[in-house]
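A structural walkthrough
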Amino acid sequence: MVINAECSVIHSVHFYEHDEALVQRLRSIIVPAIDVGNSVLIVATEEHCRQVKAALAANEVDSAVLEQQGRLTFGEAHELLANIIVDGFPDRERFFSSIGDLIGRARQSAWNGHRGVTVFGEMVAVLWEEGNRIAALQLESLWNDLLYDSEFHLHCAYPRNLFRTNAEAAMIRAICDVHSHVVGRAA
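Residues numbered from 1 in each chain as written. Predicted model: local features only at pLDDT ≥ 70, side-chain atom pairs only at ≥ 80, totals over all residues. Heavy atoms only, no water.

Quick word on the nonpolar core
The tendency in soluble globular proteins is for nonpolar side chains to be buried side by side. The biggest cluster of nonpolar side chains holds 39 residues, and the ones touching the most others in it are Phe95, Met123, Leu139, Trp143 and Tyr158. The biggest single contributor to this core is helix H7 (residues 133-150), with 7 residues. Filtering out sequence-adjacent residues up to four positions away, phenylalanine 95 remains in contact with Ile84, Gly100, Met123, Leu139, Leu142, Trp143 and Leu146. (Core = buried A, V, L, I, M, F, W, Y, C linked by side-chain atoms within 4.5 Å. Buried < 20%, exposed > 50% of the residue type's maximum accessible area, 1.4 Å probe, protein only. Helix = DSSP H or I, 4+ residues; strand = E, 2+ residues; numbered from the N terminus. Contact = heavy atoms within 4.5 Å.)

Structure (structure tokens):
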């Protein structure tokens, strides 16, 4: 499914060189979302969750309080993948149940009238890094299906070092095609 930038939904992809660039972008997504009353769901590796919490603390954002309020939720990418992968590929029903439930709870905790939710998902990059590129692209499509069902802002990211060979770099186009916005140099 190709999403075009004129759609009202946002599904961005960020190609980044270093973790610091990813964490800075996440901070720049999380802080304004919280400021306008949205809830935020971060599905990332344990290390990236730790780095994001540290970056928020440096900005005097108390992630522990936001977590208690349900306005900021951290999910570990590998654990959530274990819940939705069957025979190496994402299971649609498990994905909608697991991730849809997290988004639903986040929506209930949002403070604004629109019950806005902002999501960052790193499971696709984990699958890509494991060499399971087809599953990563299938998961991107499932995110899009859920996005149109539930209307939230979705952001994901891939480290540039996952695209070392020409064949891998050529696959960037497939990734860009399922996103409404591309951040960072895609090719």
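Next comes the rest of the write-up.
Side note on the packing of aromatic side chains
Using the criterion set out here, one finds 8 aromatic pairs in the structure. Plain terms: the ring middles of phenylalanine 15 and phenylalanine 163 are 5.9 Å apart, the flat faces sit at 75° to each other, and that makes the pair edge-to-face. Of this pair, phenylalanine 15 sits in strand S1 (residues 10-16) while phenylalanine 163 sits in the loop between strand S7 (153-159) and helix H8 (166-170), and the two are 148 residues apart along the sequence. Neither residue differs from the other here; phenylalanine 15 and phenylalanine 163 are each classed as buried. Through pairs of rings, three or more aromatic residues link up here, namely Phe15, Trp128, Tyr158 and Phe163. Sitting over the ring of phenylalanine 74, lysine 53 keeps its end group 4.7 Å from the ring centre. For arginine 71, the ring lying beneath its charged end belongs to tryptophan 111, and the centroid distance is 4.1 Å. (Phe/Tyr/Trp six-rings, centres within 6.5 Å; stacked < 30°, edge-to-face > 60°. Lys NZ or Arg CZ within 6 Å of the ring centre and 35° of its normal.)

Some words on the pattern of salt bridges
Summed over all chains, the structure comprises 6 salt bridges. With its nearest N and O atoms 2.7 Å apart, the salt bridge here joins aspartate 145 to arginine 92. Here arginine 92 lies in helix H5 (residues 92-109) and aspartate 145 lies in helix H7, a separation of 53 residues in the sequence. (Salt bridge = Lys/Arg side-chain N within 4 Å of Asp/Glu carboxyl O.)

As for the packing of helix H4 (residues 77-84) against H5
H5 packs onto H4 with a crossing angle of 140° between their chain directions and a minimal axis gap of 8 Å. Looking at the two axes, H4 sits oblique to H5. For the pair formed by H4 and H5, the contact residues are Leu80, Asn83 and Ile84 on the first element and Arg94, Phe95, Ser98, Ile99 and Leu102 on the second. A class-by-class count of the residues in the contact of H4 with H5 yields 5 nonpolar, 2 polar and 1 charged. (Axes fitted to C-alpha atoms, helices over the stretch in contact; angles between N-to-C directions. Parallel < 35°, antiparallel > 145°, perpendicular 65-115°, else oblique. Nonpolar A, V, L, I, M, F, W, Y, C, P; charged D, E, K, R; others polar.)

A word on the state of the cysteines
Within the structure shown, the criterion is met by 0 disulfides. Free of any disulfide, cysteine 49 has its nearest neighbouring cysteine sulfur in cysteine 156, separated by 15 Å. Looking at cysteine 176, it has no disulfide partner, and the nearest cysteine sulfur is the one in cysteine 156, 9.9 Å off. For cysteine 176, a relative accessible area of 9% translates into the label buried. (Disulfide = S-S within 2.5 Å.)

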